[in-house]
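In case you want the letters, here they are:
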Amino acid sequence: MKEFYIMNDGMRLHAKLDMPEGREKCPLVIIFHGFTGYMEERHIIAVQEAVNEIGFASLRIDNYGHGESDGEFRDHTLYKWVTCGLAVIDYARSLDFVTDLYITGHSQGGLLTMLLAGMRPDDFKAVLPLSPAWMIPEKAREGEVLGVSFDPRHIPEEINMPGEIINEPRSLGGNYIRVAQTIHVEDEIERYTGPVLIVHGDADEAVPVEYAYKADELYKDSRLVIIPGDTHCYDHHLEMVTDAIKEFLKNM
Ligand code: FER
């Protein structure tokens, strides 16, 4: 494992590169965590280990305002995550050993995966949004984030996130909402016509599984794997998630 920082406009993004055994050249999977998450979460490590096991390198990232990267949680927005994501892709493309590039992300990281795929449709052999929280922009326009309601036309300076869905209560700046309101995920779905694997638990308490069905319908070339009875972070059948990822990647 190699631990380092990728720079984006003077800010440090904490990164870990894990290589599969005995490979000189191989594909690379970029892996993003979700809202309030970080690269050492159980389900993120499981994805990393799964792809390494089948001969793919992995690049885990703590995104802006999360984990050991620079920036405050309160100040993060989807635009900041997108520009950091673009810097990570530039870095990954500069690596000599990389044959093909893949991108995956969980929840808000899954939404990020969908946005980046639409922005750079030629860069990825496939994209793998895991329980993607792609309702965030739509909900922000309707006046809701993480179950907290507000007036979508008069956005508060600060939203206090309750500690039920995320690990601890946290405060989020109004710019998060302002930015989210401008994003139209359907446009980015339309711009990416390559292979997609969507994985989602049908007892997800944070992102309704209906969004997975809807994304699967809209993508031109997607596979949907539903994990029966499982939660947002796959508390019950994480191995079904990693099996689906391995199976999909091995067939690329
Ligand atoms: C929300 C529901 C889910 C939300 C964020 C999420 C900011 C993301 C969860 C995750 O990334 O794990 O309303 O609003």
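Look up: the structure comes first, before these words.
Since this is a predicted model, take the numbers as computed values, not measurements. (Residues numbered from 1 in each chain as written. Predicted model: local features only at pLDDT ≥ 70, side-chain atom pairs only at ≥ 80, totals over all residues. Heavy atoms only, no water.)

Chemist: With reference to specific residues and values, describe the packing of aromatic side chains.
Modeler: Counted under the stated rule, the structure contains five aromatic pairs. When the ring of Phe 4 is compared with that of Tyr 91, the centres are 5.4 Å apart and the planes differ by 45°; the resulting orientation is tilted. Within this pair, whereas Phe 4 is found in strand β1 (residues 2-8), its partner Tyr 91 is found in helix α2 (residues 78-93), the two being separated by 87 residues in sequence. A relative accessible area of 13% means that Phe 4 is categorised as buried. Sitting above the plane of the Phe 4 ring, Lys 2 keeps its charged end 4.7 Å from the centroid. The lysine or arginine in question, Arg 170, covers the ring of Phe 73, its NZ or CZ lying 4.8 Å from the ring centre. (Phe/Tyr/Trp six-rings, centres within 6.5 Å; stacked < 30°, edge-to-face > 60°. Helix = DSSP H or I, 4+ residues; strand = E, 2+ residues; numbered from the N terminus. Buried < 20%, exposed > 50% of the residue type's maximum accessible area, 1.4 Å probe, protein only. Lys NZ or Arg CZ within 6 Å of the ring centre and 35° of its normal.)

Chemist: Explain the nonpolar core to me, using residue names and the numbers behind them.
Modeler: One finds Leu 28, Ile 30 and Leu 59 to be the most contacted residues of the largest nonpolar core, which totals 64 residues. A total of seven residues in this core trace back to one element, the largest contributor, which is α2. Among the nonpolar cores identified, the runner-up in size contains 23 residues, and Val 29, Ile 44, Ala 46 and Val 241 belong to it. (Core = buried A, V, L, I, M, F, W, Y, C linked by side-chain atoms within 4.5 Å.)

Chemist: Quick rundown of the environment of Trp 134? Include the residues and the values.
Modeler: Of note, Trp 134 is situated in the loop between β6 (126-130) and α4 (136-142). A C-alpha to C-alpha distance of 7.3 Å links Trp 134 and Gln 108, two positions 26 residues apart in sequence. Once residues lying within four places of it in the same chain are set aside, the contact partners of Trp 134 are Leu 111, Met 114, Val 185, Glu 186, Ile 189, Tyr 211, Lys 214, Ala 215 and Leu 218. In terms of polar contacts, Trp 134 uses its side chain to reach the backbone carbonyl oxygen of Tyr 211, at 2.9 Å. (Contact = heavy atoms within 4.5 Å. Polar contact = N/O pair within 3.5 Å; in protein donor to acceptor, adjacent residues only side chain to side chain.)

Chemist: An account of the environment of Val 145 is requested, with residue identities and associated values reported.
Modeler: Summarising the element assignment, Val 145 is placed in strand β7 (residues 144-145). Val 145 sits 10 residues away from Met 135 along the chain, and the two C-alpha atoms are 9.7 Å apart. Residues within four places of Val 145 in sequence aside, it is in contact with Phe 150, Ile 159, Met 161, Tyr 176 and Ile 177.

Chemist: Mind laying out the site of the ligand, listing which residues take part and the relevant values?
Modeler: Lining the immediate surroundings of the ligand are Gly 34, Phe 35, Ser 107, Gln 108, Met 135, Ile 136, Val 145, Leu 146, Tyr 176, Ala 206 and His 232. The contact in question runs from an oxygen atom of the ligand to an N or O atom on the backbone of Gln 108, over 2.9 Å. Between the ligand and the protein, one listed contact pairs an oxygen atom with a backbone N or O atom of Leu 146 at 2.6 Å. Taking 370 Å² as the accessible area of the ligand by itself, protein coverage stands at 93%. A per-class count over the shell around the ligand returns seven nonpolar, four polar and no charged. (Near = heavy atom within 4 Å. Areas by Shrake-Rupley, 256 points an atom, 1.4 Å probe, with all protein chains shown as cover. Nonpolar A, V, L, I, M, F, W, Y, C, P; charged D, E, K, R; others polar.)

Chemist: Lay out the sheet that holds strand β11 (residues 196-201) in plain terms, naming residues and giving numbers.
Modeler: The pairing of strands in a sheet happens through backbone hydrogen bonds and is either parallel or antiparallel. Read from one edge of the open sheet, eight strands run β1-β2-β4-β3-β5-β6-β11-β12, paired in mixed fashion. The two strands at the open ends of the sheet, each matched to only one other strand, are β1 and β12 (222-227). The average angle at which neighbouring strand axes cross in this sheet is 20°, direction not considered. The pairing of strand β3 (residues 26-32) with strand β4 (residues 57-61) spans five bridges and is classified as parallel. By the bridge assignment, Leu 28 is partnered in β4 with Ala 57. α2 contacts β1, β2 (11-18), β3, β4 and β5 (98-106) of the sheet and is inclined by roughly 120° relative to β1. Contacting β3, β5 and β6, helix α3 (residues 108-119) runs over the sheet at an angle of about 135° to β5. (Pairing = 2+ DSSP bridges. Axes fitted to C-alpha atoms, helices over the stretch in contact; angles between N-to-C directions.)

Chemist: Run through the packing of helix α1 (residues 42-53) against helix α8 (residues 238-250), naming residues and quoting values.
Modeler: One can describe the packing of α1 onto α8 by two numbers: an axis separation of 9 Å at closest approach and a directional angle of 35°. Crossing handedness for the pair α1 and α8: right-handed. Contacts between α1 and α8 involve Arg 42, His 43, Ala 46, Val 47, Ala 50, Val 51 and Glu 53 from the first element and Leu 238, Thr 242, Ile 245, Lys 246 and Leu 249 from the second. Considered class by class, the residues forming the contact of α1 with α8 number seven nonpolar, two polar and three charged. (Left-handed = near helix turned anticlockwise from the far one by under 90°.)

Chemist: So what about empty space enclosed by the protein? Which residues, and what values?
Modeler: A complete count under the given rule lists one cavity of 30 Å³ or more for this structure. The volume enclosed by the largest cavity comes to roughly 40 Å³. For the largest cavity, the full set of lining residues is Ile 31, Phe 32, His 43, Ile 44, Val 47, Gly 105, His 106, Leu 130 and Tyr 234. If you list the elements that add at least two residues to the lining of the largest cavity, you get β3, α1 and β5. (1 Å grid on protein atoms, 1.4 Å probe; cavity = no way out; pocket = protein on both sides within 12 Å on 5 of 7 lines; lining within 4 Å. Points joined across faces, edges and corners; volume = space filled by probe spheres on them.)

Chemist: Go over the pattern of salt bridges, please, and point to the residues and values.
Modeler: Here the idea is simple: oppositely charged side chains can pair when their charged atoms come close. The full count for this structure, using the stated rule, is 16 salt bridges. For Arg 74, the salt bridge identified is with Glu 158, shortest N-O distance 3.0 Å. Pair noted here: Arg 74 is in the loop between β4 and α2 and Glu 158 is in strand β9 (residues 158-161), with a separation of 84 residues, a long-range link. For Glu 158, a relative accessible area of 37% corresponds to the partly exposed category. (Salt bridge = Lys/Arg side-chain N within 4 Å of Asp/Glu carboxyl O.)

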